Amino acid sequence: MPLRTELAATVLGFVLLNLLLVFTAIGLFGRMGPAIDRILQRNDASIGAAEEVLEALARSGDGAVDAAETGRIRAALDRARGNLTEAGEQPALEAVERELPAALAGDAAARQALVARVHDLIAINRAAMRDVDRDAQRLGKAGAWAAALVGLLSLALSLFLTRSLGQRVVLPVLELRDTLRAVRAGDRFRRCMARRASPELQQALEQVNDLLDRTAPAIELDAGDTARR
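Every chain's residues receive numbers from 1 upward, in the order its sequence appears when written. Per-residue local features of the predicted model are confined to residues with pLDDT of at least 70, and side-chain atom pairs are confined, for both listing and counting, to 80 or more; whole-chain, interface and lining totals are unaffected and use all residues. Values reported for side chains reflect all heavy atoms of the structure, with hydrogen atoms and water molecules removed beforehand.

Here's the deal with the packing of helix 3 (residues 67-81) against helix 4 (residues 89-104)
Two packed helices can be described by the angle between their axes and the distance between those axes.
Line of reasoning, step 1. Comment: axis = line fitted to C-alpha atoms, over the contacting stretch for helices; angle = value between 0 and 180 degrees taken between N-to-C directions. Under the scheme used here, helices are H or I runs from DSSP no shorter than 4 residues and strands are E runs no shorter than 2 residues, and both carry numbers assigned from the N terminus. Contact geometry for helix 3 and helix 4: axes closest at 12 Å, N-to-C directions at 175°. Considered as vectors, helix 3 and helix 4 are oriented roughly antiparallel to each other. Every residue of helix 4 that contacts helix 3 at Thr70, Ile73, Arg74, Leu77, Ala80 and Arg81 is listed here: Leu93, Val96, Glu97, Leu100 and Leu104.
Line of reasoning, step 2. Polar here means any residue outside two lists: the nonpolar Ala, Val, Leu, Ile, Met, Phe, Trp, Tyr, Cys and Pro, and the charged Asp, Glu, Lys and Arg; Gly therefore counts as polar. Here the contact of helix 3 with helix 4 is built from residues that sort into seven nonpolar, one polar and three charged. By the definition adopted for this analysis, an angle is roughly parallel if under 35 degrees, roughly antiparallel if over 145, roughly perpendicular if from 65 to 115, and oblique otherwise. In this analysis, two residues are considered to be in contact whenever any of their non-hydrogen atoms come within 4.5 Å of each other.

Describing helix 3
Line of reasoning, step 1. Multiplying 1.5 Å by the residue count of a helix minus one yields the expected span of that helix. With 15 residues, helix 3 extends 21 Å between its outermost C-alpha atoms, agreeing within 8% with the 21 Å of an ideal straight helix rising 1.5 Å per residue.
Line of reasoning, step 2. To sort residues, take the accessible area from a 1.4 Å probe on protein chains only and compare it with the maximum for the residue type: under 20% means buried, over 50% means exposed, and anything in between is partly exposed. Residues of helix 3 that are buried: Glu69, Thr70, Ile73, Ala76, Leu77 and Ala80. One side of helix 3 carries all its buried residues, which in axial view fall inside an arc of 130°.
Line of reasoning, step 3. Any pair of N or O atoms that falls within 3.5 Å is considered a polar contact. Within protein, one atom must be able to donate a hydrogen and the other to accept it, and sequence-neighbouring residues count only if both atoms are side-chain atoms. Taking the backbone nitrogen of Ala68 as reference, a side-chain oxygen 3.3 Å away marks Asp66 as the first, capping residue of helix 3. As used here, the arc is the angular range of directions from the helix axis to the C-beta atoms.

Considerations on the confidence of the model for the chain
Line of reasoning, step 1. Across the chain, each position has a pLDDT score giving the predictor's confidence in that residue, from 0 to 100. In this model, the chain carries an average pLDDT of 80, and 87% of its residues clear a pLDDT of 70 or more.
Line of reasoning, step 2. Confidence drops under a pLDDT of 50 for residues 221-229, and excluding neighbours within four residues, the segment shows zero contacts in the predicted structure.

Written as C-alpha cells, this is what we have:
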C-alpha cells in the first residue's frame, strides 16, 4: 500500500472508530428516552385520574357525594377509560363502574369496595411503571456494555493500526537513520534492512543501499592511499 494511502487509511480508521463509538452510545442510550416517556404519557395519567377519584370521595365524607364531586369523579373515570394501556385496567374500571352508583349514594360498603377497585387500578399502572423502569435499566446496562465493547474493539484496532504504521513507516525511517549514522562512523558494510516497509520507503532504502554500494570502492581506495602514505 502506498505510504500516503496508508497514512490516510490509518487516520480515517481512527476517525471511523471514534464515530462508531459515539453513534453506538447515542443510539443505545437514545432508546431509553421513549421508554421512560411512556411512564408519563401512559401510566401516570391513569394514576392521576384514580387519585382524583379518591380525593373526591375523601372530600365528600361519609354521606352522599354532591353533584360537583360526582362530576369530577365521572370526568376522572372518563380520562382513565380513554387511557387504557394495560391488560388489567379494563376489568378494574368495570368493577369501579359497578360500585360507583351505590358509593355515590353514600353506601359505606360500596364506597369501601370502590376505593379498593380504584387502588387496584393504581396498582396495575404502578406495576407497569416498574416494568418500564426495569426495561430502561436493562437498556442502560446493555448500552453501557455495548459502548464498552465498542471501546475495547476501538482500542484493539487502534493498537493494530499503530503497530502496523510503526513497522511500515517508523521502523524503516529509524533503520535509515541508524544506517547512515553507522556509515559515517566508519562501518562500510552496514546496509538498510526493512522487510515490511511501505513501497515508497522500501524504494528509498534500496536506493540508499545502492548509493552506499557505489561509493564503497571509492571509500576503500581512499583508505588504501592513506595507508600507503
